[in-house]
Structures are given as structure tokens and as C-alpha cells.
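The chain contents come next:
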Amino acid sequence: MSAAPTLTTTSPGSRVRRWAVELLPPFVVALLVLPFVISGGRAWPWVPATIDLDVYVLAVRDMLAGGNIYTTQSPGYGLFFIYPPVAAVLMTPLAFGPYALWQVLWTLAGVAAQQSVLRRCGAPRGWRLALLGVVVVLAVEPIRTTLGYGQVNTFLMFLVVADLLPDAEGERRWWPRGSLIGLAAAIKLTPALFVLLLLALGRRRPALVAIASFLAFTVVGAIAQPARTVEFFGGLAMGDTRTAGPIYVGNQSLLGVVARLLGDSRPLTLAGLALAGVVALLSVVVARHWWRAGHPVFAVALVGMATCLASPLSWTHHHVWVVVLAMALLTAWRDGRMPRWLLAVGGFWVLWVSICLPLAALPYGQDAERSYGPLQDLVGSLGPLTGLVLLVVLAVRQLRVSRSAAAAAPVGSR
């Protein structure tokens, strides 16, 4: 009689058990802390104040009733739906079923996306991934508040990472490479910066797929909501972001720094946007170098964080890319493959963004930012300035290395 087959780690049952081990602990912790993340929630009965998810649900219901998704306001908070129409189309299922169920499912999906990103960035599998996920939920403000608000930031990060960083154990791809980046860009425009990274890496086909995917999903939104599509992109072209002004200290973008330190007049705003554009392009150049040097996770992290620096408005919970940066630095520290100064500066940036001291220590709202003293201005702007300095120093270092290599090359090989 032949021996019974041995269950391997690649069998479906084993994979399901491992996924459960990796997902359930951070998911349960997320459910427990969710009512305490955003003010207004209650632990018992369990009623988290997922105020952004509220807006999504209300906008989708208004859309299905023939209303305008851009005039939808959440009761009490007065928040608006700010994404392209295709996002509302993709969120259509939210209109059906109990809201509490969607709070649970949305949180589960957010934690699952987070765990997938950690895994693709080199986190160990099994209980260690579960423990790391718990730490991320509790200690990383952008992740915690993304879950608390019921936001989409982690989903967008997952789409980009799934396109660029393969699963360490291999996977069967059901989508053309680049299509998920296009989807992420169609939902929120900032991930389009990764198309430039693909082009810089010489990956024309995935870049073209990303562009085609973006256009296809945008067309879907236009077919479903033609008037709203014109309204959204027309307003965007006129500078209407449908949110608060850039001076709010929760806006941790470079434009926010310019507005708080120098002012928010039109010339200064244009200068801030120009700076943001330069930084976005600089991040692609620097990321290209690190990708080819064997640090793809770090390259993705640099471009991801640069989307937050370059966007006119990047609330603290948008900086979920700090998780990718942390994983890249942790791996490099363990392997000894990065300069110590880079680990130190990058590590400081990770800690600063994760702690989110500006919102914890500073007054804000009703233009309180206009009366900040020097120390308060430093606290409010140190995160984006650290990112700016890091990218500039990396670019200068890269330029020096390139010049040294060119000078050392034999004359005939130049």
C-alpha cells in the first residue's frame, strides 16, 4: 500500500490556513480599535465613525437614484465625494446590504491589502506576518486612520504593488502587467506617476497597458456618468480639488509646506506646484537607479511617497506608502546593502510619518496654522521636508557616482 500523500505548503488547504493565520489577528485588532480611531465612534454597541465610507455609500445611493455624486454630503461632517465617477461605479455594491456589514468587509479588505503589500515587500510568512500586521495597524498612523475613516488608500497601494512587485512564492497572473496601475490612477490620479517609472525602466508594454487601462476605466465612468465626468475633470483643470485648502497642517504635501511657511497666494501656489512637479520627476529618476541596483521595493517606496509629496493635498492618512519604505529599509539594514546615513534619514522619515506628530501636537482648524511659531512650523513641515532632502541628496549622490564612473572609464569606451 502506498503512503498517504503529504500535505504541502502549496496545497489549497494549507494556503487557506496560512492566509487565515496571517490575516485574522490584524483584522480582529483592527475591528477592536476601529471605534477609537476617529472621534464619534462607539465600542459598544460597535459603531465606528468611518466617515469617508459614509460618503462613498451615500454617493453611490444618490448615483443610483439619478442624483449628483458631487453634491452628496455626509450628515454631521459635511464631507463630499471627491473621486472620479468610475470610483462611484466600482463602489456600486456599497448601496446594498447593512452598513455595519460593509464596515466589517471594508476593514477586512483593507487589512488583506495591507498584508499582501507586506508580503510582497519581503515580510516573512505565517505568524510573523500576522504579528507585523498587528504592529502596523496599531503603530502606523496612515494605515490606522485609513482603516478608521474607511478610506481607499491601502487598496490603491495594493494595486500598484501587485503590479510591480511579484509574490515571493510566485503567482498566476490573471491580468496584464500595468493594468492595475491604470485602475489605481483612474480611481485617484496620483498613482499615474508609476507609469513614468515603467517608462524610465524601459518597460514600454506595461506602461502602455497602464495608460490603456486608465483610459478604459475612465471611459466606463464617462458612459455611466457623462455629466459628472465633465464636471470632475473640468473642475480639476480649474484647480478645484473639492477639499479644504492646502494650509491645513494635516496636508503633508510640499504645497502644504509652501502655504504654511510662505503663504497661499496664487504665485506661491504655482511655485509650490512647480516644486512638486520637479520632485515627482526627481523621484522617478532616483527610483530608476535603485531599481536597477537591486532595490525594487525601495524604488517603489520612493515613487509612492513622492506621490504624496507632489499631490496638492495629501492628508496624513494618504502616506500609507511609508509601510513599503519601512520594509525596504528594514531589509537593507538586515542585509547591509545601504549606506548608514540613508538608513538613518529614511528611518527617521518612517517614524515621523508613523507617529504623525503634527496632528498630535499642534492646533489646527480655523486657520490656526497662520499663527504658528517657528517650532510649530518645523513640526508641521518636517515630514515633507525630510522627504524632499532625502530625494535631493540621493539625486546628487547618483549624479556624482555617474560622473566619477564616466571620468574613470577608458577614453575609447566613452
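Calculation criteria
Per chain, residue numbering runs from 1 following the sequence as it is written. Only residues with pLDDT of 70 or above have their local features reported here, since the model is predicted, and side-chain atom pairs are shown and tallied only from 80 upward, although totals for entire chains, interfaces and linings are computed over all residues. Remark: hydrogens and water are excluded; side-chain values derive from all non-hydrogen atoms of the structure. Under the DSSP-based scheme used, a helix requires at least four consecutive residues in state H or I and a strand at least two consecutive residues in state E, with every element numbered from the N terminus. Atoms counted for the radius of gyration: C-alpha only. Globule rule: 2.2 Å times the number of residues to the power 0.38. The buried label applies to any residue whose accessible area, calculated with a 1.4 Å probe on protein chains only, is under 20% of its type's maximum; exposed applies above 50%, and partly exposed to all values in between. Stacked, tilted and edge-to-face are the three classes applied to pairs of Phe, Tyr and Trp rings, where Trp contributes its six-membered ring and a pair requires centres within 6.5 Å; stacked means planes under 30 degrees apart, edge-to-face means over 60, and tilted covers the rest. When checking whether two residues touch, look at their non-hydrogen atoms; a contact exists if any pair is within 4.5 Å. Throughout this description, the term salt bridge denotes a Lys or Arg side-chain nitrogen within 4 Å of a carboxyl oxygen of Asp or Glu. Grid points spaced at 1 Å over the protein atoms alone were grouped into cavities, where a 1.4 Å probe fits but cannot get out, and pockets, open sets with protein on both sides within 12 Å along at least five of seven lines, with lining residues defined by an atom within 4 Å of a point. Grid points are joined across faces, edges and corners, and a volume is the space filled by probe spheres set on the points. Gly falls in the polar group here, along with every residue not listed as nonpolar (Ala, Val, Leu, Ile, Met, Phe, Trp, Tyr, Cys, Pro) or charged (Asp, Glu, Lys, Arg). Two cysteine sulfurs form what is called a disulfide whenever their separation falls within 2.5 Å. Pairing of N or O atoms within 3.5 Å defines a polar contact, subject to two protein rules: one partner must be a possible hydrogen donor and the other a possible acceptor, and residues neighboring in sequence count only if both atoms are side-chain atoms. Put simply, a nonpolar core is a bunch of buried Ala, Val, Leu, Ile, Met, Phe, Trp, Tyr and Cys residues held in one set by side-chain atoms that sit within 4.5 Å of each other.

Visitor: I'm lost on the overall build of the chain in this one. Help?
Guide: Counting its secondary structure elements, the chain contains 18 helices and zero strands. The C-alpha radius of gyration of the chain comes to 22 Å, within 12% of the 22 Å expected for a compact globule of 414 residues. Structurally, the chain occupies a C-alpha span of about 85 × 70 × 45 Å along its principal axes. With 414 residues in all, the chain has 49% of them scored as buried.

Visitor: Where do I start with the packing of aromatic side chains in this structure?
Guide: Two aromatic rings are characterised by how far apart their centres lie and by the angle between their planes. Under the defined criterion, the tally for this structure stands at 13 aromatic pairs. Through pairs of rings, three or more aromatic residues link up here, namely Y56, Y70, F81, Y83, W106, F155, F232 and F233.

Visitor: Which parts of the structure should I look at to understand helix α9 (residues 193–200)?
Guide: Taken as a whole, α9 has its buried residues at L193, F194, V195, L197 and L198. On the buried face of α9, the contacting elements are α7 (153–164), α8 (179–187), α10 (204–224), α13 (266–292) and α14 (296–310).

Visitor: How do you make sense of the pattern of salt bridges when you look at a structure like this?
Guide: Side-chain pairing between opposite charges can occur once the charged atoms of the two side chains come close. Enumeration over the complete set of coordinates arrives at five salt bridges. With a closest N to O distance of 2.9 Å, R370 and D264 form a salt bridge. Of this pair, R370 sits in the loop between α17 (357–361) and α18 (374–408) while D264 sits in the loop between α12 (254–261) and α13, and the two are 106 residues apart along the sequence. A relative accessible area of 47% means that R370 is categorised as partly exposed. Among the ionic contacts, a cluster of salt bridges with common partners joins D264, D367 and R370.

Visitor: Explain the layout of surface pockets here, please?
Guide: Leftover empty space is mapped by rolling, across the atoms, a probe with the size of a water molecule. Quantified by volume, the largest pocket comes out at close to 970 Å³. If you trace the largest pocket, you find 34 residues lining it, with I51, Y149, Y248, W315 and H317 closest to the centre. A class-by-class count of the residues in the lining of the largest pocket yields 20 nonpolar, 10 polar and four charged.

Visitor: Explanation requested: the state of the cysteines in the structure shown.
Guide: Note on terminology: disulfide describes a covalent bond linking the sulfur atoms of two cysteines. As enumerated under the stated definition, the model contains zero disulfides in all. You can see C121 has no disulfide; the closest cysteine sulfur is in C308, sitting 15 Å from it. On the accessibility criterion, C121 (4% relative accessible area) is buried. Here C356 stays free of any disulfide, with the sulfur of C308 as its closest cysteine sulfur at 12 Å. Given the relative accessible area of 6%, C356 is considered buried.

Visitor: Teacher, can you tell me more about the environment of Y77 here?
Guide: Relative to the assigned elements, Y77 resides in the loop between α2 (51–64) and α3 (85–90). With 26 residues separating them along the chain, Y77 and I51 place their C-alpha atoms 7.7 Å apart. Aside from chain neighbours lying at most four places away, what touches Y77 is S39, G40, A49 and I51. A polar contact is formed between the side chain of Y77 and the backbone oxygen of S39, at a distance of 3.2 Å.

Visitor: Where do I start with the environment of L189 in this structure?
Guide: Mapped onto the elements, L189 comes out in the loop between α8 and α9. Classification of L189 as partly exposed rests on a relative accessible area of 32%. Residues L189 and V55 lie 134 residues apart in sequence; the distance between their C-alpha atoms is 19 Å. When neighbours within four sequence positions are excluded, L189 is seen to be in contact with F214 and L236.

Visitor: So what exactly am I meant to see when it comes to the nonpolar core here?
Guide: As a rule of thumb, soluble globular proteins bury nonpolar side chains together. By size, the foremost hydrophobic cluster in this structure holds 100 residues, and its most contacted members are F81, L164, F298, W321 and V324. Tallying contributions element by element places α14 first for this core, with 12 residues. Setting aside residues up to four positions removed in sequence, F298 forms contacts with W290, L325, A328, L329, M338, L342 and L394. With five residues, the next largest nonpolar core counts V249, W352, L362 and Y372 among its residues.

All quantities given are derived from atomic positions and should not be read as evidence of function.
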